[in-house]
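Here are the chains, one letter per residue:
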Amino acid sequence: MSTGDRTISRRGLSALGVAGLAAAGGAALAPSAAAAPSAPLRPALPGRLAGIETIASVDDLRTVPGGADGTQVYLLGYWADLPGVGGGALFWDADATEADNGGTVFAVTGTATGRWRRETSATLDLADFGWRGVGDVDDSGRLQAAVDALPLGGVIEHGPGKVRIESTIRIERSPITFRGVGPTDSLDTATQFVIATGDADGFVLSGCHGGGFRDLQFQGENLTGGYMIRTERIGMEQNDGNYMVTVQNVRFRLGYNGILLRSANTVRFLNCVWNEFHGEQVILLNGESDTSRADPVEFVECAIAAGTANRATDNVVIDGQGGSIKFIGTAVLFGHHGIWMRNTTGTGLPKFVYFEGGGFENGHGVPVLLEQGAQAVFANAYISSDGADDNVRILDTFTGMATFTGCVVRGAGRHGMDIASSHVTITGNVIGNNARMAHENFARAVTGVADNGAGGVRVTVDAAHGWETGDRIRVEQVGGAVGANGTWPVTVVDDTRFDLVGAALGGSYSGGGRTIRTATGIHLRDTAEKIIVTGNLLGRLPEGLHRQDYGLVSAAADVVITGNDLVGNLAGPYLLTGTQTTQTRIIGNKGIEQLDGRLIARIDGAVADGLHDFANLLYLDGQRIRVTRVTRVVGAGSCTVQLEAGGALVGTAQGATTSLQTIQLTVPPAVDAVSAPKRVQVRVAGASGAQDLEVQFGYQLVS
């Protein structure tokens, strides 16, 4: 460069930049006489821009050829009525012939060769493409031109204002980040992408390795289909999918569907919010084929909400091949289902879902619906709903493993958890105040009770019940056919009729009656196996409605149920309805009289006062027990019996007569033989013609 002859090369201008122009006193931009534009320009600017010729608008620029290669001008603004917006330094490329893109390259009317160019930069401002920020005209062409101007990637900035998009924006193989000035819940501040594409997508990312969206808001306008953002594979080669796409500090609202991720690897959503979507789902992962998996995908400190009015819209659907989908500190609210794992696409299953922190609330479907998949883990999450369904439902088609730990599961219309699959671990959770709709407010009136043609009982109700086979229905206030009254599992016939399994008519129906669906904390179906339920609270919570009849109802045989608190349920701690086998283990649960052992003595013939040995135990050694129940009977006469351990009487004496008696001790006495063994015997006193004594002390193992 030579400031003496007032010329500058294109390469030199790109390196120099505006700051360099100022340092050069502006002289470097002043064209020589030989390179002067063929049309008059505005007067030079004063101060640090002195010597730089100016042009008022792009319209004017397109009428002014540059003359010699390297001629420079300063554009005051893209539009004459908006000075300072979309302006900047440009230079004349005398050999260029490419098309005018309306932002970085401008052709001059009537000039075939030669173009005005902006300085080369990996960061573009949409205002440089004529965006005015009002949102009253279609900005799709301008935004697509900005995308096409960054074939190797870069950043497109959008100042405060609205970008109206009426046609799909496609990004192919280019890592472009769309950056606004910050997220907002307002429709009129910060950066707004107004998606007005009808039933088409807003943005399609195809084969992009990098890029994403940050610090802006998407708002839909009268959308009838499509997604705000969709990813797709650009070809069938290994690297033709999308990789390392990041969406941060973005709000999506007023849409049809929100996000569709296919052929997407390592996609992260950070501090994003979705709200008010009325289509099939807010977010869909895959949903196409085994070759279009989304894996891994992370949602960190996000909120996903179909909206209060959109009860048919699912929030997150994971459909088909994919894996490692993580939700950290994320809230899933309103709409229909919360997270739905399924497979409608091929042989590949959703592989792994991990949900920690955050939770589910106010939905009208099932917050956690596991239909098909390989593995799911929910930790330290709040799971609640406002509909008639379960909070967690795992179907028998879910062939993988599921774990729930440290969660609060409450407020379901039916069961807290309904499980029909295998390999499910439920540990350390609070599961209470479910069965919200087990109330007369949700009852169906009985209009008929009759024989079902096979000797069973068929009930007809006045309106669609919405129940399913296997539900337990309480029938009450039925006249005549009194055998129908009670709580029964049902087989659904149609929307208004169902059969009561195990019931008998007991007479002819004379009128009246109502039916109410009961529900429980955890419901294990007969197809469930390898189920572990341990260390949970399954009962009434300190506040809210509690209508669970049992803490747990199990028809499953292969279960371990241990160490749970089952206190505070309406009908009882638990109910076993299926066939029990050697694989059924139910021990050590609070709220149930659980006996870990028994001390048994039998004295044949005449019974004398004094100490008598137990048949099954002489010494208690290294253990501490609590005596909870005493059962006794004599063949004739009477006497009293009392446990003695280490020479000391334990508890109080209990009378024995010819009637078999048992008592559960409200204050169970303890025997401590941890530090030293103690001889245990039964003391008989007050024997009066006593014959053939049988006595049993049931105990719980404390340590």
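Note that the structure is a prediction, hence the values are computed from the model and not measured.

*Asks:* Before we go on, may I ask you to explain the overall build of the protein in this structure?
*Replies:* Scanning the protein from terminus to terminus reveals three helices and 57 strands. For the protein, whose C-alpha radius of gyration is 39 Å, the value lies well above the compact-globule estimate of 27 Å for 703 residues. Relative to its 703 residues, the protein shows a buried fraction of 51%. When the accessible surface of the protein is totalled, it reaches about 28200 Å², and 50% of it is carbon and sulfur. Within the protein, the 71 negative side-chain charges are centred at a point lying 4 Å from the centre of the 54 positive side-chain charges.

*Asks:* Which parts of the structure should I look at to understand the sheet that holds strand β5 (residues 115-118)?
*Replies:* If you trace the five strands from one edge of the open sheet to the other, you get β1-β2-β3-β5-β4, paired in mixed fashion. If you trace the sheet from one side to the other, it starts and ends with β1 (54-55) and β4 (105-107), each paired once. Across four bridges, the pairing between strand β3 (residues 88-93) and β5 is antiparallel. In the sheet register, D93 faces β5, and the bridge partner there is R115.

*Asks:* How do you make sense of the confidence of the model for the protein when you look at a structure like this?
*Replies:* Regions with low pLDDT carry predicted coordinates that are not meant to be interpreted in detail. The pLDDT averaged across the protein works out to 91; a share of 93% of its residues lies at or above 70. The low-confidence segment residues 1-44 (pLDDT under 50) makes 74 contacts with residues lying over four places distant or belonging to another chain.

*Asks:* What is the right way to read empty space enclosed by the protein from this model?
*Replies:* Rolled over the atoms, a probe sized like a water molecule indicates the empty space that remains. In this structure the tally under the stated criterion is four cavities of 30 Å³ or more. Put simply, the largest cavity is a space of about 60 Å³. Lining of the largest cavity is provided by V627, V630, L643, V650, G651, T652, Q654, L665, P669 and F697. Of all the elements in the fold, those that place two or more residues in the lining of the largest cavity are β52 (624-633) and β54 (648-656). Counting residues per element, the lining of the largest cavity draws most heavily on β54, which supplies four residues. Residue composition of the lining of the largest cavity, grouped by class: seven nonpolar, three polar and no charged. Lining the second largest cavity are 14 residues, and of these F334, H336, G338, G363 and P367 sit closest to its centre. Of the residues belonging to the lining of the second largest cavity, the class tally is six nonpolar, seven polar and one charged.

*Asks:* Teacher, can you tell me more about the nonpolar core here?
*Replies:* One recurring pattern in soluble globular proteins is that nonpolar side chains are buried together. Membership of the largest hydrophobic core comes to 90 residues, with the highest contact counts inside it found for F178, F203, F218, F269 and W274. Of all hydrophobic cores here, the second largest spans 27 residues; its members include L643, V650, A673 and V680.

*Asks:* Please clarify how the side chain of H523 should be interpreted in this entry.
*Replies:* Within the element layout of this structure, H523 appears in strand β43 (residues 522-524). Accessibility expressed as a relative area gives 8% for H523, which makes it buried. A polar atom in the side chain of H523 sits 2.7 Å from the side chain of D418. Once residues within four sequence positions are removed from consideration, H523 is found in contact with H415, M417, D418, I419, G470 and V553.

*Asks:* Is there a simple way to think about the sheet that holds strand β38 (residues 457-461) in this case?
*Replies:* The antiparallel closed barrel is built from six strands, whose spatial order is β37-β38-β41-β40-β39-β42. Between one strand axis and the next, the sheet turns through 45° on average, direction left out of account. In this sheet, β38 lies alongside strand β37 (residues 444-451) in antiparallel orientation, the contact comprising five bridges. Its bridge partner being in β38, D451 is matched across the sheet by V457.

*Asks:* Quick question: what am I supposed to make of the packing of aromatic side chains here?
*Replies:* Applying the stated criterion to the full structure yields 25 aromatic pairs. A ring pair is formed by F355 and F378, whose centres lie 5.8 Å apart and whose planes are at 25°; its orientation type is stacked. With F355 in strand β26 (residues 353-356) and F378 in strand β29 (residues 375-379), this pair connects stretches of sequence that are 23 residues apart. Given the relative accessible area of 0%, F355 is considered buried. Sitting over the ring of W340, R342 keeps its end group 4.6 Å from the ring centre.

*Asks:* Sorry if this is basic, but what is going on with the pattern of salt bridges here?
*Replies:* Tallied over the entire structure, the rule returns 44 salt bridges. Of the charged contacts, one joins E172 and R170 as a salt bridge, the two residues approaching to 3.2 Å between their closest N and O atoms. As a salt-bridge pair, R230 and D201 come within 2.6 Å of each other at their nearest N and O atoms. A residue pair is termed long-range when its members are at least 10 positions apart, and R230 in strand β14 (residues 227-232) and D201 in the loop between β11 (191-195) and β12 (203-206) qualify at 29 residues. Exposure class is identical for R230 and D201. Each is buried. Taken together, the shared-partner salt bridges in this structure form one network comprising D390, R393, R414, D418, E468, D471, R517 and R525.

*Asks:* Quick question: what am I supposed to make of the pairing of β14 here?
*Replies:* A regular strand carries its side chains on alternate faces of the sheet. For β14, the tally of buried residues reaches six of six residues, placing the bulk of the element in the interior. By the bridge criterion, four bridges tie β12 to β14 in an arrangement that is parallel. Among the inter-strand pairings, L205 is bridged to a residue of β14, identified as T231. As defined by bridge partners, β14 adjoins strand β16 (residues 257-261) across three bridges and the pair is classed as parallel. Among the inter-strand pairings, I229 is bridged to a residue of β16, identified as I259.

*Asks:* Where do I start with the pairing of strand β2 (residues 72-75) in this structure?
*Replies:* Where β1 lies against β2, two bridges are found, and the strand directions are parallel. Among the inter-strand pairings, T54 is bridged to a residue of β2, identified as Y74. For β2 and β3, the ladder comprises four bridges, and the chain directions are antiparallel. Across the sheet, V73 pairs through a bridge with L90, a residue of β3.

*Asks:* Just checking my understanding: could you explain helix α3 (residues 140-148) for this structure?
*Replies:* Along an α-helix, residues three or four positions apart point the same way, because every turn accommodates 3.6 residues. Restricting attention to buried positions, one finds in α3 the residues S140, L143, Q144, A145, A146 and V147. Here the buried face of α3 lies against β6 (123-125), β7 (154-157), β8 (161-165), β9 (169-172), β10 (176-179) and β12.

The rules we used
- Residues numbered from 1 in each chain as written.
- Predicted model: local features only at pLDDT ≥ 70, side-chain atom pairs only at ≥ 80, totals over all residues.
- Heavy atoms only, no water.
- Helix = DSSP H or I, 4+ residues; strand = E, 2+ residues; numbered from the N terminus.
- Rg over C-alpha atoms; globule rule 2.2 N^0.38 Å.
- Buried < 20%, exposed > 50% of the residue type's maximum accessible area, 1.4 Å probe, protein only.
- Areas by Shrake-Rupley, 256 points an atom, 1.4 Å probe, with all protein chains shown as cover.
- Lys, Arg positive; Asp, Glu negative; His and termini not counted.
- Charge placed at Lys NZ, Arg CZ, Asp CG, Glu CD.
- Pairing = 2+ DSSP bridges.
- pLDDT = per-residue confidence, 0-100.
- Contact = heavy atoms within 4.5 Å.
- 1 Å grid on protein atoms, 1.4 Å probe; cavity = no way out; pocket = protein on both sides within 12 Å on 5 of 7 lines; lining within 4 Å.
- Points joined across faces, edges and corners; volume = space filled by probe spheres on them.
- Nonpolar A, V, L, I, M, F, W, Y, C, P; charged D, E, K, R; others polar.
- Core = buried A, V, L, I, M, F, W, Y, C linked by side-chain atoms within 4.5 Å.
- Polar contact = N/O pair within 3.5 Å; in protein donor to acceptor, adjacent residues only side chain to side chain.
- Axes fitted to C-alpha atoms, helices over the stretch in contact; angles between N-to-C directions.
- Phe/Tyr/Trp six-rings, centres within 6.5 Å; stacked < 30°, edge-to-face > 60°.
- Lys NZ or Arg CZ within 6 Å of the ring centre and 35° of its normal.
- Salt bridge = Lys/Arg side-chain N within 4 Å of Asp/Glu carboxyl O.

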